[in-house]
Amino acid sequence: GMETDENKVAALLDNLNAKLSAYEVILRKQPYLAGEDITLADLFHLPYGTIAIEELGYDVLQNRPNVARWWKEISSRPAWQAVKNGA
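Computed from a prediction, not measured in an experiment: that's the story for all the values here. Here, residues in each chain are numbered from 1, in the same order as that chain's written sequence. In keeping with the model being predicted, local features are shown solely for residues with a pLDDT of at least 70 and side-chain atom pairs are shown and tallied solely at 80 or more, while totals for entire chains, interfaces and linings include all residues. Side-chain calculation: all heavy atoms of the structure are included, whereas hydrogens and water are not.

Within the chain, the secondary structure is distributed over 5 helices and 0 strands. The C-alpha extent of the chain, read off along each of the three principal axes, is 45 × 30 × 20 Å. Intrachain contacts of the chain at a sequence separation of at least 6 include 65% that bridge at least 24 residues. Counting rule applied: Lys, Arg positive; Asp, Glu negative; His and chain ends not counted. All charge positions are set by atom: Lys at NZ, Arg at CZ, Asp at CG, Glu at CD. Computed over 9 positive and 12 negative side-chain charges, the separation of the two mean positions in the chain equals 6 Å. Each helix is a run of H or I in the DSSP string that is no shorter than four residues. Each strand is a run of E no shorter than two, and both are numbered from the N terminus. Residue contacts follow a heavy-atom distance rule, with two residues in contact if any of their heavy atoms lie within 4.5 Å.

As structure tokens, this is what we get:
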């Protein structure tokens, strides 16, 4: 029931977009954030990414094909699908 602070949301989205632009550069060279294999560095993003992308509908993957590929791969893992609604 609280009022949304649109300035805070805009600042947080600017910060997120800057980080995802850096991720795009990293993921252009390798499949996962830390290299060739999935690690906790990737899995850490699942709960917050699900909230931002799926629940709140922020289109932060647009114009970031490597981040979009990475997100699709990690978020479609059967283990995440089995627990995401309770996470």
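To describe two helices that pack against each other, one gives the angle between their axes and the distance between the axes. Contact geometry for helix α1 (residues 6-29) and helix α4 (residues 65-75): axes closest at 7 Å, N-to-C directions at 80 degrees. By the angle between their axes, α1 is roughly perpendicular relative to α4. Contacts between α1 and α4 involve L20, Y23, E24, L27 and R28 from the first element and P65, N66, V67, R69 and W70 from the second. Convention adopted: a line fitted to C-alpha atoms gives each axis, helices being fitted over their contacting stretch, and angles between N-to-C directions are expressed from 0 to 180 degrees. Angle categories are assigned with fixed cut-offs, so that under 35 degrees is roughly parallel, over 145 is roughly antiparallel, 65 to 115 is roughly perpendicular, and the rest are oblique.

Turning our attention to the nonpolar core. Nonpolar cores are built from buried Ala, Val, Leu, Ile, Met, Phe, Trp, Tyr and Cys residues. Side-chain atoms within 4.5 Å join them into one set. The rule is simple: take the accessible area with a 1.4 Å probe, protein chains only, and divide by the maximum for that residue type; under 20% is buried, over 50% is exposed, in between is partly exposed. In terms of nonpolar packing, the biggest core is built from 13 residues, with Y23, L27, V67, W70, W71 and I74 touching the most fellow members. Those elements giving two or more residues to this core turn out to be α1 and α4. No other element matches the 4 residues that α4 contributes to this core. If sequence neighbours within four positions are ignored, W71 has contacts with H45, L46, G49, T50, I53, E54 and L61.

To continue, consider the pattern of salt bridges. What makes a salt bridge here is a side-chain nitrogen of Lys or Arg within 4 Å of a carboxyl oxygen of Asp or Glu, nothing more. Scanning the entire structure with this criterion turns up 1 salt bridge. In this structure, the salt-bridge partner of K84 is E54, at a minimum N-O distance of 2.8 Å. With a gap of 30 residues between them, K84 in the segment after α5 (78-83) and E54 in helix α3 (residues 46-55) connect regions that are remote in the sequence. Residue classification places E54 among the partly exposed residues on the basis of a relative accessible area of 41%.

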